[in-house]
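What follows is the residue order along each chain.
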Amino acid sequence: LASRPGTGGGGARRRLALAGVGALVLVAALIVWRSRASAPALTAAEAAAPGVPPSWGPAPALHAGGPALAADPKRGDDDDEPGLRDGPSEAEIRAFRRWRVDNLRRAARFPGDSLPLTARHREALTEVQPDRGAVTDPGPGGLDVLVAYPARPFFQAGEPILLHAAVVHARDGTRSAARITGTLMKAIDGPHDGALATVTYRDDGAGGDAVAGDLLYTAQVTPAILAPELLVGQVEVEVSATLADGRERFVVSQFRAGTPGARLTGRFRDRLEGGHLILEADLAVVRPGRYHLQGGLEGPGGTPVAWAQHAEVIDAPGAATLSLRFFGLAFHEAGISGPYRLAFVSVAETGRRPVLQGPVLEGAHVTAPYAVADFSGAPHQDPAWDETIRQAEAIEGMPLAPGVVRGR
Amino acid sequence: MRTYLALVLATVTLAVGARAAAAADGCFAVVHGWDWQREITSEATAQAAWESSAQGQLAAHQASFAAADIEVRYVHYDGRDPYWWDSAPGVAQQLVDIGGTAACAGKPLTVVCYSMGCTVVDEILAQAHPSDPYHDPRYATATARVLEVWSVNGVHGGAELANTYEFVNDVLLGFVNAVWNPGNALRGLTTGNSPRAWGYTKVGKPVFAIGGYDGWWYTDPPGEDDGVLAYHSQYGIRKIGSYYGDWRGHVPNDHWAANGLFYNAWQADKDHYEGKGGSGHKIKKLKTSPITGYCNCENDTWFSSHTNPRLVRQFGF
């Protein structure tokens, strides 16, 4: 056979190639050794803490007071930041896989319509989160943002609607004087179809403004300004502010208005069924539709116990009943016997976004004095969750692929 | 010499591939973010959108996934719409369909979402039960099929930039909107229309949030963002605050999902655009998939970009 250029045989080439392969192996071995030597183990707290996944390395250093904004507000693009590393160790991956299985098992214990009660469940109905604008010009004195929010997340039809706004310095929270106006738009499920009304925010202690001169401005929308039938659903408020030096700020805020077609009558009944607590709520329905009921139970002393929800189509006006099933395991986990207080309950009409939310009733009912032992402590059974857990277990049993962990 | 080297590399590649194939087994469904430029109508166009500015890295990346026996599928939806329009039901149906394919049946299905795609996924996971107020039966089937979600620079609590630019688009750019119409999606990205604002309280499967952080000034607190999105939104933390470095584990009761399945999984000191691996930026911390332990060590990106980088810098969903 004729030799092609560059591929002819020769001891020197073979020795060179073997030397190259040897060098590669040596480098790989060094990488393996160094990586294994530097792999930190999980802390006992990380390994033991339920509900918290094992972490994969040290957190980057905390900023004390945020990054500097003067010359270059963008922090470095350098990938070689201290504290970072290429990947988790084998022990960390295995710990994560183990944790994943346990975590899924924990989550599978409760159904989607009843969970242990947390503070978030009530706050989801009552909390107002201010809508903040973006900082658009971070020069000297440029960190003022326009913040706007309704006094409540939703208003029933005909209620006076109070809207607040302020220009706030993003660093120190101080407020600035400004001229603020808002344009109300109905703008959720279609194109904006024009302004409903324009309001002026004021800071003179009148027209719904609580304190004159505190630079927290207030606008009030009354039925005289805008008929309630025009205020149904999510209403967008396009707020603009002009500061004393002429700079402008913009933000879009939202509130919900309107009354659902069913209301809670205030009559409730409770009973045990299958180891769970059933709470029946009577409704007066004026408009057929799909209605969503949710509520939270607290034990003596206000200890959170259980949350439940239910949705159902009610196809005729008149009296109706919706039921909540508070899952028995939640009572066992809380470890508190009754009587239980219906800390909050509210009905909403679904079928639009967001829902038309009815008033939140607090302390509307107290249950019979059930004992923890009256409830089932059995976890929820769901074949779909079982399959998910099976898959997680299969992953746990998989060998680690090469190149996965440092040192491999 | 080149022959020997090629032989050595081929042997190593075969060995790695064979071992990886034996070790890894799963499916990824990738959900893109906002795309104001076009309606992404098919898996092919979704993939093309991801690849459009990936500078060829995605192809190598996919080869690595294939070697590890990981099926990667690209979910599509109209990225110009708010998440609650047709986006979430359509994505849910695709997740079901992907989960039922021969390649994915019986295997773990991990959803990887980016930016606004994570709001779409939140909608599915949060409304999966028939008693949920915005329930769609497709959400239940999709959520049941998913093992977990990895969120990269995810919009979980709205975006303050959208609060401002929704105003700008609607009031100042009304004429332009008629042509390129980005405003509807922006409407869905405002904080007031976020799942948090609408009272969502749970997710149906674990969500692991990987937050980007690059110290820009757009949001409040200043510097607590990835150049587009506030840190607290990326982690679904319901209150504005300074959370940098608070990425380990989750924050009980501080997340809008109160059922404890939302975790601050990782913090990448990268901006919003870099979070999906645009323009050759490296994201070291995202190299390893916890589902398989697979490491994309040779290719530095998980995701490719699909939008104009300059615009992403400014609007960046």
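None of the values given here were measured: they were computed from a predicted structure.

Draft legend 1. Fine view of the overall build of chain A. On a plain count of helices and strands, chain A comes out with six helices and 19 strands. Counting only residues that meet the buried cut, chain A has 47% of its 408 residues in that class. Within chain A, residue pairs in contact and separated by at least 24 positions form 66% of the contacts whose partners lie at least 6 positions apart.

Draft legend 2. Spotlight on the overall build of chain B. Summing up its helical and strand segments, chain B has 11 helices and six strands in all. Expressed as a percentage of the 317 residues in chain B, the buried residues total 68%. Considering only contacts in chain B between residues 6 or more positions apart, those separated by 24 or more positions represent 73%.

Draft legend 3. Examining the packing of helix α5 (residues 116–126) of chain B against helix α6 (residues 137–145) of chain B more closely. All names here are of chain B. Running from N to C, α5 and α6 cross one another at 95 degrees; their axes reach a closest spacing of 8 Å. Between α5 and α6, the angle is such that the two are roughly perpendicular. Contact residues: E123, I124 and L125 in α5; Y139, A142 and T143 in α6.

Draft legend 4. Examining the environment of Q254 of chain A more closely. Summarising the element assignment, Q254 of chain A is placed in strand β11 (residues 248–257). Judged by its relative accessible area of 6%, Q254 of chain A falls in the buried class. Expressed as a C-alpha distance, the spacing of Q254 of chain A and Y149 of chain A, which sit 105 residues apart in the sequence, is 7.2 Å. Q254 of chain A has contacts with D131, P150, Q234, V235 and E236 of chain A together with T190, G192 and N193 of chain B, leaving out every residue within four places of it along the chain.

Draft legend 5. Quick peek at the state of the cysteines. Residue and element names in this part refer to chain B. Tallied over the entire structure, the rule returns two disulfides over all chains. Paired through a disulfide, C27 and C104 show a sulfur-sulfur distance of 2.1 Å. Because the sign of the S-S torsion sets the handedness, a value of about -100 degrees for the bond joining C27 and C104 places this disulfide among the left-handed ones. Of this pair, C27 sits in strand β1 (residues 26–31) while C104 sits in the loop between α4 (83–99) and β3 (109–114); the two residues are 77 residues apart in sequence, bridging distant segments of the chain. Across the pair, exposure class does not vary: C27 and C104 are buried alike.

Draft legend 6. Up close: the packing of aromatic side chains. All names here are of chain B. Following the criterion strictly, the structure yields 17 aromatic pairs over all chains and no others. Ring plane angle 20 degrees and centroid distance 4.7 Å describe the contact between W150 and F208, whose orientation is recorded as stacked. With W150 in strand β4 (residues 148–152) and F208 in strand β5 (residues 207–212), this pair connects stretches of sequence that are 58 residues apart. Accessibility expressed as a relative area gives 1% for F208, which makes it buried. A ring pair is formed by Y231 and Y235, whose centres lie 4.9 Å apart and whose planes are at 90 degrees; its orientation type is edge-to-face. Overall, Y231 belongs to the buried group, its relative accessible area being 0%. What links up through ring pairs into an aromatic cluster is the set Y83, W84, Y134, W198, Y200 and W256.

Draft legend 7. Fine view of the nonpolar core. Membership of the largest hydrophobic core comes to 73 residues, with the highest contact counts inside it found for V31, V91, L95, I124 and V149 of chain B. Those residues in contact with V91 of chain B, other than ones at most four positions away along the chain, are V31, V75, H76, Y77, V120 and I124 of chain B. Listed in part, the 39 residues of the second largest apolar core include L115, L297, A320 and F375 of chain A.

Draft legend 8. Here's a closer look at the side chain of H276 of chain A. Residue and element names in this part refer to chain A. Structurally, H276 can be placed in strand β13 (residues 276–285). Polar side-chain contacts of H276 include one of 2.8 Å to the backbone nitrogen of G328. Apart from the residues within four sequence positions on either side, H276 is in contact with R271, R325, F326, F327, G328 and F375.

Draft legend 9. Highlighting the sheet that holds strand β12 (residues 262–273) of chain A. All names here are of chain A. The three strands lie next to each other as β12-β13-β16, forming an open sheet whose pairing is antiparallel. Looking along the sheet, the strands with just one partner apiece sit at the ends: β12 and β16 (318–326). On average, adjacent strands in this sheet sit at an angle of 20 degrees to one another, irrespective of strand direction. The sheet contact formed by β12 and β13 spans nine bridges and is antiparallel. Bridge pairing in β13 links L272 to L277.

Draft legend 10. Layout of the sheet that holds strand β10 (residues 233–243) of chain A. All names here are of chain A. On the basis of which strands lie adjacent, the open sheet formed by five strands has the order β4-β11-β10-β7-β8 and mixed pairing. What marks the edges here is a single partner per strand, and that holds for β4 (154–155) and β8 (195–200). Examined bridge by bridge, strand β7 (residues 178–186) and β8 share five bridges and lie antiparallel to one another. Its bridge partner lying in β8, T181 is registered against T200.

Draft legend 11. Spotlight on the environment of G261 of chain A. All names here are of chain A. For G261, the location among the structural elements is in the loop between β11 and β12. G261 sits in the buried class, given a relative accessible area of 1%. Beyond its immediate sequence surroundings of up to four residues, G261 is in contact with A284, V285, V286, R287, Y291 and E349.

Draft legend 12. Geometry of the packing of α4 of chain B against α5 of chain B. Residues and elements named next belong to chain B. At a minimum axis distance of 9 Å, the contact between α4 and α5 shows a crossing angle of 75 degrees. As judged from the angle between their axes, α4 and α5 are roughly perpendicular. Residues Y83, S87, A88, V91 and A92 of α4 form the contact with α5, whose own contacting residues are T119, V120, E123 and I124. In terms of residue class, the contact of α4 with α5 is built from six nonpolar, two polar and one charged.

The rules behind these values
Residues numbered from 1 in each chain as written. Chains lettered and ligands numbered in written order. Predicted model: local features only at pLDDT ≥ 70, side-chain atom pairs only at ≥ 80, totals over all residues. Heavy atoms only, no water. Helix = DSSP H or I, 4+ residues; strand = E, 2+ residues; numbered from the N terminus. Buried < 20%, exposed > 50% of the residue type's maximum accessible area, 1.4 Å probe, protein only. Contact = heavy atoms within 4.5 Å. Axes fitted to C-alpha atoms, helices over the stretch in contact; angles between N-to-C directions. Parallel < 35°, antiparallel > 145°, perpendicular 65-115°, else oblique. Disulfide = S-S within 2.5 Å. Phe/Tyr/Trp six-rings, centres within 6.5 Å; stacked < 30°, edge-to-face > 60°. Core = buried A, V, L, I, M, F, W, Y, C linked by side-chain atoms within 4.5 Å. Polar contact = N/O pair within 3.5 Å; in protein donor to acceptor, adjacent residues only side chain to side chain. Pairing = 2+ DSSP bridges. Nonpolar A, V, L, I, M, F, W, Y, C, P; charged D, E, K, R; others polar.

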